[in-house]
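One letter stands for each residue in the lines below.
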Amino acid sequence: MLKTTGLHKSYRMGRSLVSVLRGVSFTVDRGEFVVIRGASGSGKSTLLHLLGMLDIPDRGRIEFDGGDLLAAREAERRAYRNVQIGFVFQFYHLLPECNVLENVLMPQMVRHSFLGWRRVRSTVRGEAESIIERVGLAERITHRCNELSGGERQRVAIARALINRPAILLADEPTGNLDAKIGGGILGLLAGLNQGGQTLIMVTHDSAVADHAHRRVHLVDGVLRKSEETDELATPSRIGRREVPL
Amino acid sequence: MYKWFLAARYLRTKLIAWLGVASVMLCSAMVLVVLSVMGGFLDTVRERARGLHSEIILEGGTLQGFPFYDEFGELLKVELPDMVERTTPAIYSYGIFREPRTTWTKPTRVVGVRLDEYVKVNSFRAGLHYERYFPGTTSLGLQGLSVVGTDPATGRFKLPESLARANARWRAAEKDQEAVAAFDADPFLPAPVDRLVSMEVGERVFAADMGEPRFSGPDLPGVIVGCDLLNERRPDGNFNRYLARGAPVALTLMPLTPMGNPFGEPPIKMVLRYVDDSRTGIFEIDSLQTYVDFDILQDRLAMSPQPAVDGGMTSARTNQLLVGLKKGVDINIARDQISEAWERFTMSKVPTVSRVDATNLRLAKAYTWEDLQRSFIAAVEKEKVLVTFLFGLISMVAIVLVGCIFYMIVEKKTRDIGILKSIGASSQGVAGLFILYATVVGLVGSVLGVLLGSEVVWHINEIQDLLASMSPQLRVWSPEIYSFDKIPNAVKTVDAIGVGVVAIVASMIGSLIPARIAARVWPVAALRYE
Ligand SMILES: Nc1ncnc2c1ncn2[C@@H]1O[C@H](COP(=O)(O)OP(=O)(O)O)[C@@H](O)[C@H]1O
Ligand SMILES: [Mg+2]
């Protein structure tokens, strides 16, 4: 469904050019759960941003359902970001002026015009409420985001990512800012979504979740490697984490 | 949809936006106050200028005047029945005004009018002083001195019968009860019959003695004197009068031949009774003009038919023919049609009249009241434009301030903009959000500003009085100078709407640069870090 070929991305750091991605090619199929791992600074976020069309690669191709996203017009890319992709960030990125429900509804508000919104409002509201219930925040629906804990905020962010029923859910270290117990709940929630058929691409260091993934890839030196060799290494670390919560 | 939602939300949650609202409010209130006061000033000036003559004036262009005015007036009513309501001639001449008892003299422009017709083509009657309290008693014909007598039974002053009846009529009709009360508190000052000057100064002065109320002395023609010519203006805008109504005053006149030459004899002197004073509200006129009966003045100025040198008689002349139009007639169209009629009339007359008459006919031309008062009105118009422009310039501050405030908001909201873009919002959409936000700020600010400005304009005279009570220096509007009793205090709907719309547009303009900055936010750059 999503296919990239030879993605290159480099950043200018003063005078030198730092090459972060150097030919990333991989394919994700519908319903798949792919975990991307890699050292800090290896370019995982960069890759995810490219997949979500939040940034443009220097070179390469990104195809969604056979269509070339980089050749598409800006309006089509916006529609792609809005409808096909749900993005979950490490730092939640909620709108502080809005409450839980409003944050979750925001992609729908972006999608619809003023008049269109009036038509769909009640239906969409119902959907938003059931999604918020699914992520376990039914009681918090009218709370402002600054009244929520980190874990709760990330659940709001996940609910927001799901409201437009995206083809692909992209999660960039969704638990990177949370302690292990809370993070475990979030990862469980995401894994559960995948079991319900949601295509999921996730950057995480948590090996336990990685075990649930259909596929694990490793970003090393700007290219993706299959990470069988690291799986054995991952198991003890998983146990270690569970025993010593941070 | 998110634009509307977030614009409303930001307005509710961001205190800083109210700073923008306040600045837009103050600026639009300020401009509205200036526009309304200056506009009101201009309207009053126009109204005054318009009430001065008549809608259309056929002006002789010379001091000796032009003939056949009555004939042409009748012709106009026949040729342009849908346009012309009535016509009346007026003589303009110059002379010396002298108050005999004080030997006090002034130059004057003597206007000869048929009073009953004259007051129908303009608002002259509204500016008469005694005529207001004693309606129907001001006339320019021959009349005696009105003397207030004393009732032997009560020992109180008693007006002559005709004046008392006129005064009763005024009381019955007057809506301003305060004016009636003021009259009763101080009806008039008495002046001794032999001097006709009161000891004190006041609103009204009548000759008075212990005898019967009566009209006495020789019958003399009446004269209406410009209020600033004879009286002294008080700081409150009213006048101090000291000369009794009906006191004789003298005018020295210089008659001219139809050719515009002086007669061989010395200038002639006329004695008239001061029957009233006139206030048009235009100082240049009120300090210069005196009004005398048309026929009497025409005769004295030798503008009536005179034996000509070559035998026969010259034709009666006037300086102006005032034309009152029917309601709703466009004055410019009327002027053009009357001009044409005058041209035809002149052409038909020229072959049959003397050379002098023909010349004088050719010199006369039709004008609208606006044509005649153009320079006077234009000065005030320019003033209004200038003041509005200056305050509008100051209001640019509001645009800059809105710009700064929005710049700050955009800076703070960079991450939110990134979030919106990451969920599919477009650059134009995000820019639109901030322009919409600014428009709402402008809308709220301008509505409040228009309300505040209107409130200030409606109470501007109270505000002025309050300031003046704190310090006389703060009295900016002096009735003594402007001959208006109060500062114009009406707000026009067009002005209010105009100011409001401009304020909203200005706020939008102020938000354009911040909106562009918002549009350029690159989602990843805004979202990578917390
Ligand atoms: N805007 C940028 N300008 C310069 N360098 C950047 C920028 N964004 C990321 N980088 C660099 O690119 C590399 C990859 O970053 P990132 O994708 O965030 O890695 P990861 O998510 O795997 O930790 C890092 O070395 C980072 O410093
Ligand atoms: Mg990262």
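Analysis parameters
- Residues numbered from 1 in each chain as written.
- Chains lettered and ligands numbered in written order.
- Predicted model: local features only at pLDDT ≥ 70, side-chain atom pairs only at ≥ 80, totals over all residues.
- Heavy atoms only, no water.
- Contact = heavy atoms within 4.5 Å.
- Buried area = accessible area lost by both parts, 1.4 Å probe.
- Salt bridge = Lys/Arg side-chain N within 4 Å of Asp/Glu carboxyl O.
- Helix = DSSP H or I, 4+ residues; strand = E, 2+ residues; numbered from the N terminus.
- Nonpolar A, V, L, I, M, F, W, Y, C, P; charged D, E, K, R; others polar.
- Core = buried A, V, L, I, M, F, W, Y, C linked by side-chain atoms within 4.5 Å.
- Buried < 20%, exposed > 50% of the residue type's maximum accessible area, 1.4 Å probe, protein only.

A.B. asks: It is not clear to me how the interface of chain A and chain B should be interpreted in this structure. Could you clarify?
C.D. replies: Many structure descriptions define interface size as the accessible area lost when the parts assemble. Facing the 31 residues of chain A at the interface are 27 residues of chain B. With both sides pooled, the region where chain A packs onto chain B buries about 2600 Å², and carbon together with sulfur makes up 64% of that total. One salt bridge in this structure joins glutamate 102 of chain A and arginine 9 of chain B, with 2.6 Å as the shortest N-O distance. Looking at the side of chain A that touches chain B, the elements that each hand over two or more residues are helix H1 (44-51), helix H2 (74-84), helix H3 (100-111) and helix H4 (114-134) of chain A. It is H3 of chain A that contributes the most residues to the side of chain A that touches chain B, five residues altogether. Here the side of chain A that touches chain B is built from residues that sort into 15 nonpolar, nine polar and seven charged.

A.B. asks: Even after reading the chapter, I still don't get the nonpolar core, so can you show me in this structure?
C.D. replies: Across soluble globular proteins, nonpolar side chains have a tendency to be buried as a group. In this structure, Met106 of chain A together with Leu6, Leu420, Phe434 and Tyr437 of chain B are the most contacted members of the largest nonpolar core, which totals 113 residues. When residues in this core are grouped by element, the largest group, eight residues, is from helix H15 (residues 427-458) of chain B.

A.B. asks: What is the right way to read the pattern of salt bridges from this model?
C.D. replies: Any two side chains of opposite charge can pair if their charged atoms end up close together. Following the criterion strictly, the structure yields 33 salt bridges over all chains and no others. Between arginine 61 of chain A and glutamate 63 of chain A there is a salt bridge whose closest N-O contact spans 2.9 Å. The class of glutamate 63 of chain A is buried, set by a relative accessible area of 15%. Here glutamate 97 of chain A makes a salt bridge to lysine 413 of chain B, at a shortest N to O gap of 2.9 Å. Note that glutamate 97 of chain A is positioned in the loop between strand S6 (85-88) and H3 and lysine 413 of chain B in the loop between helix H13 (369-412) and helix H14 (414-422), a pairing that runs across two chains. In terms of burial, glutamate 97 of chain A and lysine 413 of chain B fall into one category: buried. When salt bridges that share partners are traced, they join Arg335, Asp336, Asp371 and Arg374 of chain B into one network.

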